[in-house]
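# Topology and contacts: notes
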Amino acid sequence: MMGCMTPENLLSRFKKLQLWASNGQRAPHKPLLILWAIGRCLQGEERFVSYQEADRELSKLLDRFGPHRKVVHTEAPFWRLQNDEVWEIPERNRITVGPGGNAHKSSLLQEDAHGGFPKDIQNALQDNNELAFQLATDLVDAHFPLSMRDEVLQSVDINSEYVNSRRKRRDPSFSPKVLRAYGSRCAVCNFSVRVNGKPVALEAAHIKWHEARGPDKVHNGLALCVLHHRLFDKGAFTLSLDREIIVSEYAEGKGSNLSLGRFDSKPILLPAKPDDWPSLNFLKWHSREVFISSVNTITSI
Ligand SMILES: [Zn+2]
């Protein structure tokens, strides 16, 4: 049945996917699958895509942008999006479902299951690309820090320029407060270049991401140069509870020792006031949800 779907109705159907688990655990699986499907829709691809293809592409996206996990479960988001009423699987009656309510991956493959937006959503997104960009903005902003959003969007063929123009501004005092507390130096490498008296290429990073409801407080911030900010948000390093730098064993390549490896096990530069030091709760979150490490991995969807 073809309902008439207003933009508000459509965006509100996806609202649930913008929520995080109450313990702040990252679950970018559904958002990444939807973003990928929006990208396909904008490229004028067919409504339904095989699970086999979705599995391959979503696995790559989760490897790049998801938390580090031993096993990546693409079947769970592919199947469970149906419950959110934003996904259809025509072959659903033939699929074997386990006691936890998840489809068996082998069954999805064997039955050559396909998935895609329901027809009314697909039509609305195709007729109104503005709406597709708005939905992409909502999802990417809800789950990824600013430093990663363009890369996420590009990887699913969504033009990030359209998305960036829709963004709201955040608490403008967070960054100056953090930079001041750290004496306008990178907490990792001491970088501190000023041009005309103003710090350049120095940023305030959230330890627990803003998107995960990390507060705009100095004890949830770190002053980092642009390079160390990117590396921190990607989980190439984290901080121990003693506030020492722990470099991921997965960080490698030319320049990685010079720019990162040599700081391993070194303490960061701390603000003068202990109240401003990175708080242990937020450090634990970062090491659990962002840091790429074989030691710290949890199996989870
Ligand atoms: Zn630095």
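Worth saying up front: this structure is predicted, and the values here are computed from it rather than measured.

### Details of the overall build of the protein chain
The number of helices and strands found in the protein chain is 13 helices and eight strands. Taken over C-alpha atoms, the radius of gyration comes to 21 Å for the protein chain, in line with the 19 Å a tight globule of 301 residues would show. C-alpha atoms of the protein chain, sized along the principal axes, occupy 65 × 40 × 35 Å. Looking at the protein chain residue by residue over its 301 residues, the buried ones come to 35%. The contacts of the protein chain with a sequence gap of at least 6 include a subset with a gap of at least 24, amounting to 69%.

### Points about helix α8 (residues 146–155)
Along α8, the residues classified as buried are R149, V152 and L153. When α8 is viewed along its axis, its buried side chains cluster within an angular range of 95 degrees and face the same direction. Looking one or two residues past α8, D157 carries a phi angle of roughly 60 degrees, positive in sign.

### Some details on the pairing of strand β5 (residues 202–206)
Counting buried positions along β5 gives five out of five residues, so the element sits mostly inside the fold. Of the two faces of β5, the one holding L202, A204 and H206 and the one holding E203 and A205 are both buried throughout. Here β5 runs beside strand β6 (residues 221–225); their pairing, made up of five bridges, is antiparallel. Bridge pairing in β6 places H206 opposite G221.

### Some points on the packing of helix α2 (residues 29–42) against helix α3 (residues 51–65)
For the pair α2 and α3, interaxial distance at closest approach is 10 Å and the crossing angle is 120 degrees. Accordingly, the angle class assigned to the pair α2 and α3 is oblique. Taken as a pair, α2 and α3 cross one another with a handedness that is right-handed. Contacts between α2 and α3 involve H29, L32, L33 and W36 from the first element and A54, E57, L58, L61, L62 and F65 from the second. Looking at the contact of α2 with α3, its residues break down into eight nonpolar, one polar and one charged.

### Section: the domain arrangement of the protein chain
For the protein chain, the assigned domains are domain 1 (7–164) and domain 2 (174–289). Taking the mean C-alpha position of each, domain 1 and domain 2 sit 31 Å from one another. Domain 1 puts twelve residues into the contact, and the matching count from domain 2 is 13 residues. Those elements that provide at least two residues to the side of domain 1 that touches domain 2 are α7 (129–143) and α8. Here the side of domain 1 that touches domain 2 is composed, by residue class, of six nonpolar, five polar and one charged.

### Observations concerning the environment of E57
Take E57: it is sitting in helix α3. Between the alpha carbons of E57 and C186 there is a distance of 36 Å; along the sequence they are 129 residues apart.

### A look at the nonpolar core
Counting residues in hydrophobic clusters, the biggest one holds 41 residues, and the most contacted among them are L32, L33, L35, W36, I38 and A136. Contributions of two or more residues to this core are made by α2, α3, α4 (75–80), α6 (119–127), α7 and α8. Here this core takes eight residues from α2, the largest share from any one element. When near neighbours in sequence (up to four residues on either side) are disregarded, L33 contacts A54, L58, P77, F78 and L81. Membership of the second largest hydrophobic core comes to 27 residues, among which are I207, F232, I245 and W285.

### Some remarks on the environment of G116
Examined against the element boundaries, G116 turns out to sit in the loop between β2 (114–115) and α6. Classification of G116 as buried rests on a count of 20 C-beta atoms within 10 Å. Along the sequence, G116 and Y51 sit 65 residues apart, while their C-alpha atoms lie 9.8 Å from each other. Apart from the residues within four sequence positions on either side, G116 is in contact with A37, R47, F48, V49, E88 and Q122.

Each value, and the rule that gives it
- Residues numbered from 1 in each chain as written.
- Predicted model: local features only at pLDDT ≥ 70, side-chain atom pairs only at ≥ 80, totals over all residues.
- Helix = DSSP H or I, 4+ residues; strand = E, 2+ residues; numbered from the N terminus.
- Rg over C-alpha atoms; globule rule 2.2 N^0.38 Å.
- Buried ≥ 20, exposed ≤ 12 C-beta atoms within 10 Å, placed from the backbone.
- Contact = placed C-beta atoms within 7 Å.
- Arc of directions from axis to C-beta.
- Pairing = 2+ DSSP bridges.
- Axes fitted to C-alpha atoms, helices over the stretch in contact; angles between N-to-C directions.
- Parallel < 35°, antiparallel > 145°, perpendicular 65-115°, else oblique.
- Left-handed = near helix turned anticlockwise from the far one by under 90°.
- Nonpolar A, V, L, I, M, F, W, Y, C, P; charged D, E, K, R; others polar.
- Domains from an automatic or database assignment.
- Core = buried A, V, L, I, M, F, W, Y, C linked by C-beta atoms within 7 Å.

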